[in-house]
Amino acid sequence: MNKYIPILFLLFITGNISVFAQVKKEEALVLADTLIAKPINPLAPARAAFLSAIVPGLGQAYNKKYWKIPIVYGAIGTSVYFYVDNNKKYHRYRDAYKMRLAGKDDEFKGQYSDATLINAQRTFQRNRDLSLLISFGLYALNIIDANVDAHLMQFNVNDNLSFRPDVYPNEINYKQNVGVTLNYSF
């Protein structure tokens, strides 16, 4: 027992000595659930819509939704392609009908009648006009998408707000019922 007393005394003294070479920093207490307020730019939706109106897809790039840009160009490009294609076919049949009225030979001589050429002109003209209307509609949809997306980025959308299907037992006959629940956690 006597040989343990000096060892315990030495451990007691060295354990209570504070080391002055290191300085403790007092850190501010940061709670994990505190919210950091992001500044809201109220003009962001208007700017995104303006940029998207100038160059289709630029509003989506402004909103950092880069995956939407190929969809925008694919949709508008497809409708423009069909406009150009139907316009070429319309002029082809119209020129053939004009040549036939002038008494000259056309590329459809003996293949189509006059009524068929007129009907083809009307069909391709209608398809051309419809393609142009769809092109303008997709262009407007591009602008609306950029505006709405920029507007919705100003809201806090996280897992606390959920909308999901729910399966629960019926209390009368214990069969499974399907319903929809809307949960909001504070």
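So, how was this worked out
- Residues numbered from 1 in each chain as written.
- Predicted model: local features only at pLDDT ≥ 70, side-chain atom pairs only at ≥ 80, totals over all residues.
- Heavy atoms only, no water.
- Helix = DSSP H or I, 4+ residues; strand = E, 2+ residues; numbered from the N terminus.
- Contact = heavy atoms within 4.5 Å.
- Areas by Shrake-Rupley, 256 points an atom, 1.4 Å probe, with all protein chains shown as cover.
- 1 Å grid on protein atoms, 1.4 Å probe; cavity = no way out; pocket = protein on both sides within 12 Å on 5 of 7 lines; lining within 4 Å.
- Points joined across faces, edges and corners; volume = space filled by probe spheres on them.
- Nonpolar A, V, L, I, M, F, W, Y, C, P; charged D, E, K, R; others polar.
- Core = buried A, V, L, I, M, F, W, Y, C linked by side-chain atoms within 4.5 Å.
- Buried < 20%, exposed > 50% of the residue type's maximum accessible area, 1.4 Å probe, protein only.
- pLDDT = per-residue confidence, 0-100.
- Phe/Tyr/Trp six-rings, centres within 6.5 Å; stacked < 30°, edge-to-face > 60°.

Participant: It is not clear to me how the overall build of the chain should be interpreted in this structure. Could you clarify?
Facilitator: From N to C terminus, the chain includes five helices and two strands. The order of helices and strands in the chain, counted from the N terminus, is α-α-α-α-α-β-β. For the chain, the proportion of contacts with a sequence separation of at least 24, taken over those separated by at least 6, is 47%. Roughly 15,400 Å² of accessible area belongs to the chain as shown, and the carbon and sulfur atoms make up 64% of that amount.

Participant: Where do I start with the layout of surface pockets in this structure?
Facilitator: Empty space among the atoms becomes visible once a probe the size of a water molecule is rolled across them. In this structure, the second largest pocket spans a volume of roughly 180 Å³. The wall of the second largest pocket is formed by Gln 60, Trp 67, Lys 68, Ile 71, Val 72, Ala 75, Ile 76, Leu 138, Leu 141, Asn 142, Ile 144 and Asp 145. Among the residues forming the lining of the second largest pocket, the class breakdown is eight nonpolar, two polar and two charged.

Participant: Can you help me understand the nonpolar core in this one?
Facilitator: Nonpolar side chains tend toward joint burial in soluble globular proteins. Counting eight residues, the largest nonpolar core is built from Tyr 90, Tyr 93, Ala 96, Tyr 97, Phe 108, Leu 117, Ala 120 and Phe 124. Elements with a minimum of two residues in this core: helix H4 (69-101) and helix H5 (114-152). The dominant element in this core, judged by the number of residues it contributes, is H4, at four residues. The contact partners of Tyr 90, leaving out residues within four places of it in the chain, are Gln 121, Phe 124, Gln 125 and Arg 128.

Participant: Got a minute to help me understand the side chain of Arg 128 in this structure?
Facilitator: With respect to the helices, strands and loops of the structure, Arg 128 is situated in helix H5. With relative accessibility at 13%, the residue Arg 128 sits in the buried group. Sequence-distant contacts of Arg 128, defined by excluding residues within four places in its chain, comprise Tyr 83, Asn 86, Asn 87 and Tyr 90.

Participant: How should I be thinking about the confidence of the model for the chain in this particular structure?
Facilitator: It should be kept in mind that the predicted coordinates are not to be read in detail where pLDDT is low. Per-residue pLDDT for the chain averages 84, and the proportion of residues at 70 or more is 77%. Least confident of the elements in the chain is helix H1 (residues 4-16), whose mean pLDDT is 68; most confident is H4, at 96.

Participant: Mind showing me how you'd approach the packing of aromatic side chains here?
Facilitator: For any pair of aromatic rings, the description rests on two quantities: the centre-to-centre distance and the angle between the ring planes. If you walk through the whole model with that rule in mind, you get five aromatic pairs. Here the aromatic rings of Tyr 93 and Tyr 112 are separated by 6.3 Å at their centres, their planes lie at 45°, and the arrangement is tilted. Residue Tyr 93 is found in helix H4, and its partner Tyr 112 is found in the loop between H4 and H5; the two are separated by 19 residues along the sequence. Relative to Phe 124, the ring of Tyr 93 has its centre 5.5 Å away and its plane inclined at 25°; by these criteria the two rings are stacked. Linking Tyr 93 in helix H4 with Phe 124 in helix H5, this pair joins segments that are 31 residues apart in sequence.

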